[in-house]
Amino acid sequence: MTDKIRNAMWGGRFASGPDAIMEAINASIGFDKRLYAQDIAGSRAHAAMLASAGIITDKDAEAIREGLLTVLSEIEGGEFPFSTALEDIHMNIEARLKEIVGEAAGRLHTARSRNDQVAVDFRMWVRDQADAAQAALGALVRALLAQADSGADWVMPGFTHLQVAQPVTWGHHMMAYVEMFARDIGRFADARARMNECPLGAAALAGTSFPIDRDMTARALGFDRPCANSLDAVADRDFALEFLGAAAICAMHLSRLAEELVIWSSAQFRLVTLSDRFSTGSSIMPQKKNPDAAELIRAKIGRILGATVGLFTVMKGLPLAYSKDMQEDKEQVFDAADNLMLALAAMEGMVRDMTANRDALRAAAASGFSTATDLADWLVRELNLPFREAHHVTGTLVAMAERKGCDLADLSVDEMKSAHAGITDKVFSVLGVENSVASRTSYGGTAPQNVRAQIARWKERLKERLV
């Protein structure tokens, strides 16, 4: 590419071409070529609007439309000659369009700047990613619902501090993640609604004197309305920050579930078995089955949160309107989106394929004096003890059982009476883990009937596409 051709892209202001280092730091085609489909869609909408407004002829608009379709075909067919000297996807497409249709290509940029062009391209790309994230999360929610449905009444330990706390059900635990990931769907949907305003027509920063129809281009590109302020339209990257924020929270939720799968699938817990499809072996230890997919998902939050911090740092000190710093907005968003989608797909596969080990879940639930709170609650209900006194009595009995090396249910009534004379054999009705979970009928509690009701509610919401 000669200096003359490069200068033609910038106009007559420059007498010579850029230094090679300047060209290298300035070029973004290596990554922003991912925006080709959005760039072509935006250009086609802009050309149609220019013709409708009488700014360019119908003949030129038709030539531009056909030429852009040819460019699209070349890119998708792997035949397009991307050039670093042309800086970015916008200039690459425009230069190729000129080779195809000639002078008409030069009229495409009427009433438009690369500032509003990149803003609309990037906004459409992020909007597509928000849609894709919602779809992937919907698939994950369905996989979790299937797990919950299969084990709505399977007893397992509930943990606090990773210590056995109280019995819950497998279904209840799975439904906790349904709630989390459904909120993630809502966050992406909210962000999408806010980003659905069209920057095209803002031009460089001040709008244009041409009689353009911004509502027409907004409608053509699926936006609700044009952006109301031309300065904000080209300077705003809130849409990308909101997407990254939602992605970071979602990745954090994925990481928490991944951590549990790593722990639960270990030989020390054996609460779940992960499928071979999402596990790996060891190069030296033939017995190993490693939860590598879960571990890699657990690590993705670092990349996605890093991208979020990175873009905040780029944007925090920029005056209005556009600055070249904003070229650094895309790579980190692309990387975060790619890794989020990969993590969601892997987690959906793991959840769909994993097997909960019912016997091991129940055995673990019965350990660690998990029904101690049920005993304390019984003392309050049946003996009218203040809860703090009931807590003390129960603690005494836990210590006694610990010394004897048995569970609370293995203590005799006489042994229990040594802690409080009012205890009767009726206490044993609350000491079984099944009785414990069945009693937790308060709204949001772990009782199997509650879990089944929540599963039915979420299935209905999915049918109605409310998540």
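Look above for the structure.
Residues numbered from 1 in each chain as written. Predicted model: local features only at pLDDT ≥ 70, side-chain atom pairs only at ≥ 80, totals over all residues. Heavy atoms only, no water.

Engineer: Which residues make up the pattern of salt bridges, and what values go with them?
Structural biologist: Throughout the structure, instances matching the rule amount to 29 salt bridges. Here Arg96 makes a salt bridge to Glu99, at a shortest N to O gap of 3.0 Å. With Arg96 and Glu99 both in helix H6 (residues 89-101) and three residues apart, the pair spans about one turn of that helix. A residue is classified by how much of its surface remains accessible, and Glu99, at 59% relative accessible area, is exposed. Ionic pairing is found between Glu434 and Arg362, a salt bridge with its closest N-O pair at 2.6 Å. One end of the pair, Glu434, is in helix H18 (residues 433-439); the other, Arg362, is in helix H14 (residues 358-365), and 72 residues separate them in sequence. (Salt bridge = Lys/Arg side-chain N within 4 Å of Asp/Glu carboxyl O. Helix = DSSP H or I, 4+ residues; strand = E, 2+ residues; numbered from the N terminus. Buried < 20%, exposed > 50% of the residue type's maximum accessible area, 1.4 Å probe, protein only.)

Engineer: Break down helix H4 (residues 36-52) for me, with residues and values.
Structural biologist: Across its 17 residues, H4 extends 24 Å between first and last C-alpha, which sits within 8% of the 24 Å expected from 1.5 Å per residue. When we look at burial in H4, the residues that qualify are Gln38, Asp39, Ile40, Gly42, Ser43, Ala45, His46, Ala47, Met49, Leu50 and Ala51. The inward-facing, buried residues of H4 abut helix H5 (58-76), H6, helix H7 (114-150) and helix H9 (214-220). Immediately downstream of H4, the backbone of Gly54 shows phi near 75 degrees, a positive value. (Expected span 1.5 Å × (residues − 1). Contact = heavy atoms within 4.5 Å.)

Engineer: Summarise a nonpolar patch on the surface; cite the residues concerned and give the values.
Structural biologist: Taken together, Leu205, Leu231 and Leu320 make up a surface patch of nonpolar side chains, about 270 Å² in accessible area. Inspection of the secondary structure assignment puts Leu231 in helix H10 (residues 230-235). Leu231 sits in the partly exposed class, given a relative accessible area of 32%. (Patch = residues over 30% accessible without salt bridge, like charges linked within 9 Å, V, L, I, M, F, W, Y side chains within 5 Å. Areas by Shrake-Rupley, 256 points an atom, 1.4 Å probe, with all protein chains shown as cover.)

Engineer: Report on the packing of H7 against helix H8 (residues 170-195), specifying residues and quantitative values.
Structural biologist: Two elements in contact, H7 and H8, have axes separated by 9 Å at closest approach and are oriented at 165 degrees. Taken together, the axes of H7 and H8 lie roughly antiparallel to each other. Crossing of H7 over H8 shows left-handed handedness. (Axes fitted to C-alpha atoms, helices over the stretch in contact; angles between N-to-C directions. Parallel < 35°, antiparallel > 145°, perpendicular 65-115°, else oblique. Left-handed = near helix turned anticlockwise from the far one by under 90°.)

Engineer: If you had to explain the nonpolar core to someone new, which residues and values would you point to?
Structural biologist: Core analysis: the biggest nonpolar cluster contains 103 residues, and Trp170, Leu254 and Met347 have the highest contact counts within it. In terms of residue count, the dominant contributor to this core is helix H11 (residues 238-264) (17 residues). If we ignore the near neighbours within four places in the chain, the residues touching Met347 are Leu140, Leu254, Leu257, Ala258, Leu261 and Ile297. Leu408, Met416, Ile423 and Leu431 belong to the second largest nonpolar core, which has 21 residues in total. (Core = buried A, V, L, I, M, F, W, Y, C linked by side-chain atoms within 4.5 Å.)

Engineer: Got a sec to walk through the environment of Arg237? Specific residues and values, please.
Structural biologist: Tracing the backbone shows Arg237 in the loop between H10 and H11. Overall, the relative accessible area of 1% leaves Arg237 in the buried class. Separated by 75 residues in the primary sequence, Arg237 and Phe312 have C-alpha atoms spaced 9.4 Å apart. Aside from chain neighbours lying at most four places away, what touches Arg237 is Val118, Ala119, Phe122, Met315, Tyr322, Met326 and Asp329. At 3.4 Å, the side chain of Arg237 forms a polar contact with the backbone oxygen of Val234. At 2.7 Å, the side chain of Arg237 forms a polar contact with the side chain of Asp329. (Polar contact = N/O pair within 3.5 Å; in protein donor to acceptor, adjacent residues only side chain to side chain.)

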